[in-house]
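Residues per chain are reported as follows:
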Amino acid sequence: EAPACAELTVALAAMRVVAADLKRLDTSHAARRTATLRVDPPPKELETKLVQSISPDGQVLDSASKDLARARQRVREARKHVMDKLGAILAKLDQTERAPDAAVTVRGGRYVIPIRSTARSRVGGIVHDESATRSTVFVEPPEIIELGNELRAAESAELREVLRVLRELTDLLRPQAATIAAAWEMCIAFDDLCARARYAVQVNGFVPEIGAHLKIRGGRHPLLLGEGRSMLRPYSSDLVIPFDLDLHSDEFTVLVSGPNTGGKTVLIKALGLLVLLTQSGIIPPLGPHSSLPIFARVFADSRRDRRHRERVAPVRCRDADADVSVAQGCAGQVIRVGDRAPAGRCPRRVGGGRARRARSRAHARSAARVGGGARAGDRGARR
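What to know about the overall build of the protein
When helices and strands are tallied, the protein shows 11 helices and 13 strands. Among the 383 residues that make up the protein, the fraction classed as buried is 40%. Within the structure as shown, the protein displays about 21800 Å² of accessible surface, and the carbon and sulfur contribution to it stands at 53%.

Take a look at the structure:
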C-alpha cells in the first residue's frame, strides 16, 4: 500500500543516516564497539525511487510513471467535462424544478444534480439518491450518462496504473527484505544506545564499578528526578538530596529507621531501581566512585504502596522491616528491598521477637536514623 511505502521511505533515509554515523564512529577507538552495530543499508536507488513515486502523505505521485500522469490528465479532463455539462443543465432548470441551494454533487460515485421530485419526469435520467423527506432527488440526466461512463473508465484506468506502480515498487523491495530488516534492527539498537546515553547525561550519572561490594555515592531516586521535568529542564537534580550507602562483603542487612515521611521508603526504592537500571545497561543517577555487585534476583515489597506492588514487586517478602538485605543464594547474590513500619522507629527501641532476632542476626548492622520532618522524596538518607 502507498502509505506503507511512504513510511518505508522515511525508514530508508534513517537507515542511511545511521549507517553513515556509525561509519564515522569507526574512526574513534572509544566508539568502535558501537560501530560494530553497523550493517550496510539498502541501495540508495530504492529510496530515490520511492521518493519519486510516493508522497509523504502516502499518495502515488504523477511522477511515478508517464502512463499514470496521462491517465490522471484524462480523468481531470473527463471530470471537468461532466461538471461543466451538469452546471449548464442545472442553470437551465426553472426555479420551481431545482432544489434549494442546488449544486453539482456526487452520489454513488456518479455526478448528479438535485432537483425537486415533482420535476423528475421532465428532467429524466437515473435517480441515484433522494433526501430524507423525499422532496429532493439526485438525478444523473440522460445526456450525462455517457460522459459519466467515460469518467468512470478513466478512473479505472488510473487505478490500474496505480496498482501497477505499487507492484513494481514491491518487486524492487522484495529482494532487499533481509537487508531492510537488518538495517532496521541497526536503527533500533543505535536509537536505544542514544536514549541510554542521553538519559545518563541528563541525570548526570556515572558508570559504577561492576562486581565489587555495594557502594553508592551520590545516589538519587530515578523517578523523583523526573518529577516536574520539561523540555528545557528534563531532570532536576538539585531538587533531590543524594544519599551514600556502603555494604561490604561481610555485611548483609541494613535496617533503616526514622519518622514518617522521612525518606526511608524513598531510600530503599531508590536502591532497588538503581540496581535494576544498572543491570539493564542503563547508567543510573549515581555519583562517581560507586560500585554495585551483580544480583541474580531482585525482590521488592512496599506495604505502604500496595497499588503499585504489582508493577514494582515481583515477590512479596513478608519478613522485612524497612531494610535492604543481600544474601548469598545457590544461584548467585540476591537483593531484597522491603518496607514495613514496625512498632518503634529506632532499631534499638523496636520491641518484639522479630526485631530482636533482626538485631542479633549475624552480620547485621543499623543505618543512621533518616532525618525527620521532611517530605518523602525531598530528603535522602545519608549513612
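So that's the structure; there's more coming.
Examining helix α9 (residues 264-279)
Taking 1.5 Å of rise per residue, 16 residues should cover 22 Å, and α9 covers 23 Å from first to last C-alpha, within 8% of that figure. Of all 16 residues in α9, 12 are buried, a share of seventy percent or more. Turning to α9, its buried residues number three or more, namely K264, T265, V266, L267, I268, A270, L271, G272, L274, V275, L277 and T278. Within two residues after α9, G281 carries a phi angle of roughly 85°, on the positive side.

Description of the pattern of salt bridges
The tally for this structure, following the rule as stated, stands at 20 salt bridges. R79 is the partner of E155 in a salt bridge, and the nearest nitrogen-oxygen pair spans 3.3 Å. Placement of E155 in helix α6 (residues 142-173) and of R79 in helix α4 (residues 66-92) is noted, with a sequence separation of 76 residues between them. With relative accessibility at 24%, the residue E155 sits in the partly exposed group. For R196, the salt bridge is made with D192, and the minimal N-O distance between the two is 2.7 Å.

Concerning the nonpolar core
Generally speaking, soluble globular proteins have nonpolar side chains that are buried together. Counting residues in each nonpolar core, the largest one holds 26 residues, and the members touching the most others are L8, L12, M15, L50, I54, V60 and M186. Listing elements by their share of this core, those giving two or more residues are α1 (2-25), α3 (44-53), α6 and α7 (177-202). Per element, the largest residue contribution to this core is 10 residues, and it comes from α1. With residues up to four places along the chain from it excluded, the contact list for M186 reads M15, V18, A19, L22, L37, R38 and V39. Grouped together as the second largest cluster of nonpolar side chains are 18 residues, F243, L245, A270 and F295 included.

A closer look at the pairing of strand β7 (residues 243-247)
A large share of β7 lies buried, amounting to four of its five residues. One ladder, built from four bridges, connects strand β6 (residues 214-219) with β7; its direction is antiparallel. If you follow G219 over to β7, its bridge partner there is F243.

Description of the packing of aromatic side chains
Counted by the stated rule, this structure contains zero aromatic pairs. Above the face of the F138 ring, R107 is positioned so that its terminal group lies 4.1 Å from the ring centre.

Section: the packing of α1 against α3
Contact geometry for α1 and α3: axes closest at 9 Å, N-to-C directions at 145°. Of the two elements, α1 crosses α3, and the hand of that crossing is left-handed. The residues of α3 that touch α1, namely those facing C5, L8, T9, L12, A13 and R16, are K44, L46, E47, L50 and V51.

Quick word on unusual backbone geometry
Phi angles above zero are rare outside glycine, and N204 is one such case at about 55°. Topologically, N204 is positioned in the loop between α7 and β5 (209-210). Residue N204 is classed as partly exposed on the basis of its relative accessible area, which comes to 48%. The backbone phi angle of H289 is positive, close to 65°, even though this residue is not glycine. With respect to the helices and strands, the residue H289 is situated in the loop between α9 and β9 (291-292).

Details of the environment of Y199
Secondary-structure assignment places Y199 in helix α7. On the accessibility criterion, Y199 (14% relative accessible area) is buried.

Points about the sheet that holds strand β2 (residues 110-116)
Pairing in this open sheet of four strands is antiparallel, and the strands run β1-β2-β4-β3 from one edge to the other. What marks the edges here is a single partner per strand, and that holds for β1 (105-107) and β3 (126-130). Neighbour-to-neighbour, the strand axes of the sheet open up by a mean angle of 50°, direction not taken into account. Sheet topology places β2 next to strand β4 (residues 136-140); four bridges connect them, and they run antiparallel. Among the inter-strand pairings, I113 is bridged to a residue of β4, identified as V139.

What to know about the environment of R217
Relative to the elements of secondary structure, R217 occurs in strand β6. If we ignore the near neighbours within four places in the chain, the residues touching R217 are F243, D244, L245, D246, L286, G287, P288, H289 and S290.

A look at the pairing of β2
If a strand is regular, its side chains alternate between the two faces of the sheet. Buried residues dominate β2, accounting for six of its seven residues. Alignment of β1 against β2, held across three bridges, turns out to be antiparallel. Paired with R107 across the two strands is R110, which belongs to β2.

The rules behind each value
Residues numbered from 1 in each chain as written. Predicted model: local features only at pLDDT ≥ 70, side-chain atom pairs only at ≥ 80, totals over all residues. Heavy atoms only, no water. Helix = DSSP H or I, 4+ residues; strand = E, 2+ residues; numbered from the N terminus. Buried < 20%, exposed > 50% of the residue type's maximum accessible area, 1.4 Å probe, protein only. Areas by Shrake-Rupley, 256 points an atom, 1.4 Å probe, with all protein chains shown as cover. Expected span 1.5 Å × (residues − 1). Salt bridge = Lys/Arg side-chain N within 4 Å of Asp/Glu carboxyl O. Core = buried A, V, L, I, M, F, W, Y, C linked by side-chain atoms within 4.5 Å. Contact = heavy atoms within 4.5 Å. Pairing = 2+ DSSP bridges. Phe/Tyr/Trp six-rings, centres within 6.5 Å; stacked < 30°, edge-to-face > 60°. Lys NZ or Arg CZ within 6 Å of the ring centre and 35° of its normal. Axes fitted to C-alpha atoms, helices over the stretch in contact; angles between N-to-C directions. Left-handed = near helix turned anticlockwise from the far one by under 90°.

In short, shape yes, function no, at least from these values alone.
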